[in-house]
Amino acid sequence: MAKNQLLQNTVSRPLSFYGVGLHSGLKCKIRVFPSASDTGIVFDLQKKRTEVVSSERKSSSNLWNSGKSCVNDNVLSADFRNVSSTTLSTTLSDKGGKAISTVEHFLAALYAVNIHNAYVVTDQSEIPVLDGSSSFFANV
């Protein structure tokens, strides 16, 4: 058992959010999946991701904890060391060029509802703005 496993939470089922990117104007979709303890919040930034959903992963109780690796080269952790910009929005990026922007309301909502671990699949490089607050993310 991980040191902090009893203190950590994940989403109870897969969630989806659709909207428009505030800065890009593009239609955006994010899907949030349960994740194992000590994973943290992880963004899968592969826009043209081909999903491989095996029978083990169809369970909504813990999709990304089947013991098989689903992590690819397009994964970026929501870590303060990955904050690259806070001009008009918060952008996370790494030295390899992966980036996701407008994450602040989404991450605030996860924090507010005590979610520590989640695997977030995005189809754009921006989180949908929804109503401009974190309420839609937090109230699902």
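Quick summary incoming for the structure in this document.

About the criteria used
- Residues numbered from 1 in each chain as written.
- Predicted model: local features only at pLDDT ≥ 70, side-chain atom pairs only at ≥ 80, totals over all residues.
- Heavy atoms only, no water.
- Phe/Tyr/Trp six-rings, centres within 6.5 Å; stacked < 30°, edge-to-face > 60°.
- Helix = DSSP H or I, 4+ residues; strand = E, 2+ residues; numbered from the N terminus.
- Buried < 20%, exposed > 50% of the residue type's maximum accessible area, 1.4 Å probe, protein only.
- 1 Å grid on protein atoms, 1.4 Å probe; cavity = no way out; pocket = protein on both sides within 12 Å on 5 of 7 lines; lining within 4 Å.
- Points joined across faces, edges and corners; volume = space filled by probe spheres on them.
- Nonpolar A, V, L, I, M, F, W, Y, C, P; charged D, E, K, R; others polar.
- Arc of directions from axis to C-beta.
- Contact = heavy atoms within 4.5 Å.
- Salt bridge = Lys/Arg side-chain N within 4 Å of Asp/Glu carboxyl O.
- Pairing = 2+ DSSP bridges.
- Axes fitted to C-alpha atoms, helices over the stretch in contact; angles between N-to-C directions.
- Core = buried A, V, L, I, M, F, W, Y, C linked by side-chain atoms within 4.5 Å.

Digging into the packing of aromatic side chains
Enumeration according to the criterion identifies 3 aromatic pairs in this entry. Measuring from centroid to centroid gives 5.2 Å for phenylalanine 106 and phenylalanine 137, while their planes differ by 80°, and the two rings are edge-to-face. With a gap of 31 residues between them, phenylalanine 106 in helix α1 (residues 104-112) and phenylalanine 137 in helix α2 (residues 135-138) connect regions that are remote in the sequence. Phenylalanine 137 matches phenylalanine 106 in its accessibility class, with the two residues each being buried. Each residue in the set Phe17, Phe43, Phe106 and Phe137 is aromatic and connected to the rest through ring pairs, giving one cluster.

Focus on the layout of surface pockets
If you add up the space inside the largest pocket, you get close to 170 Å³. Lining the largest pocket are 13 residues, with Val11, Leu15, Val113, Phe137 and Val140 sitting closest to its centre. With 3 residues, the single largest contributor to the lining of the largest pocket is α1. Split into classes, the residues belonging to the lining of the largest pocket amount to 11 nonpolar, 1 polar and 1 charged.

Let's talk about α1
The periodicity of an α-helix, 3.6 residues per turn, causes residues three or four places apart in sequence to face the same way. Three or more residues of α1 are buried, namely Phe106, Ala109 and Leu110. Projected down its long axis, α1 shows its buried positions confined to an angular sector of 100°, all on one face. In α1, the exposed positions angled more than 90 degrees off the buried face are occupied by Tyr111 and Ala112. Of the surrounding secondary structure, the elements contacted by the buried residues of α1 are β2 (27-33), β3 (41-44), β8 (118-122) and α2. Directly after α1, the chain includes asparagine 114, whose backbone phi takes a positive value near 65°.

Focus on the pattern of salt bridges
When charged atoms on two side chains of opposite charge get close, those side chains can pair. Tallied over the full model, the rule gives 2 salt bridges. With its nearest N and O atoms 2.7 Å apart, the salt bridge here joins aspartate 79 to arginine 81. With relative accessibility at 63%, the residue arginine 81 sits in the exposed group. The partner of lysine 98 in a salt bridge is aspartate 94, and the shortest N-O contact between them spans 2.6 Å. Given the relative accessible area of 24%, aspartate 94 is considered partly exposed.

Quick word on the sheet that holds strand β7 (residues 99-101)
Across a sheet, strands are paired by hydrogen bonds formed along the backbone, either parallel or antiparallel in direction. With antiparallel pairing, 3 strands are arranged side by side in an open sheet as β5-β6-β7. Every interior strand has two partners, whereas the edge strands, β5 (83-85) and β7, have only one. Strand-to-strand twist across the sheet, computed as the mean angle between neighbouring axes with direction ignored, equals 35°. Taken together, the 3 bridges between strand β6 (residues 91-93) and β7 define a ladder with antiparallel strand orientation. Counted as the bridge partner of leucine 92 is isoleucine 100 from β7.

Overview of the side chain of serine 89
With respect to the secondary-structure elements, serine 89 resides in the loop between β5 and β6. For serine 89, a relative accessible area of 8% puts it in the buried group. Discounting residues that sit within four places of it in the chain, serine 89 has contacts with His23, Ser101, Thr102 and Glu104.

Section: the nonpolar core
By size, the foremost hydrophobic cluster in this structure holds 20 residues, and its most contacted members are Ile30, Val32, Phe43, Ile100, Phe106, Val120 and Ile127. With 3 residues, α1 is the single largest residue contributor to this core. What phenylalanine 106 contacts, discounting residues up to four positions off in sequence, is Ile30, Val32, Phe43, Val120, Ile127 and Phe137. Phe33, Val42, Val75 and Val121 belong to the second largest nonpolar core, which has 5 residues in total.

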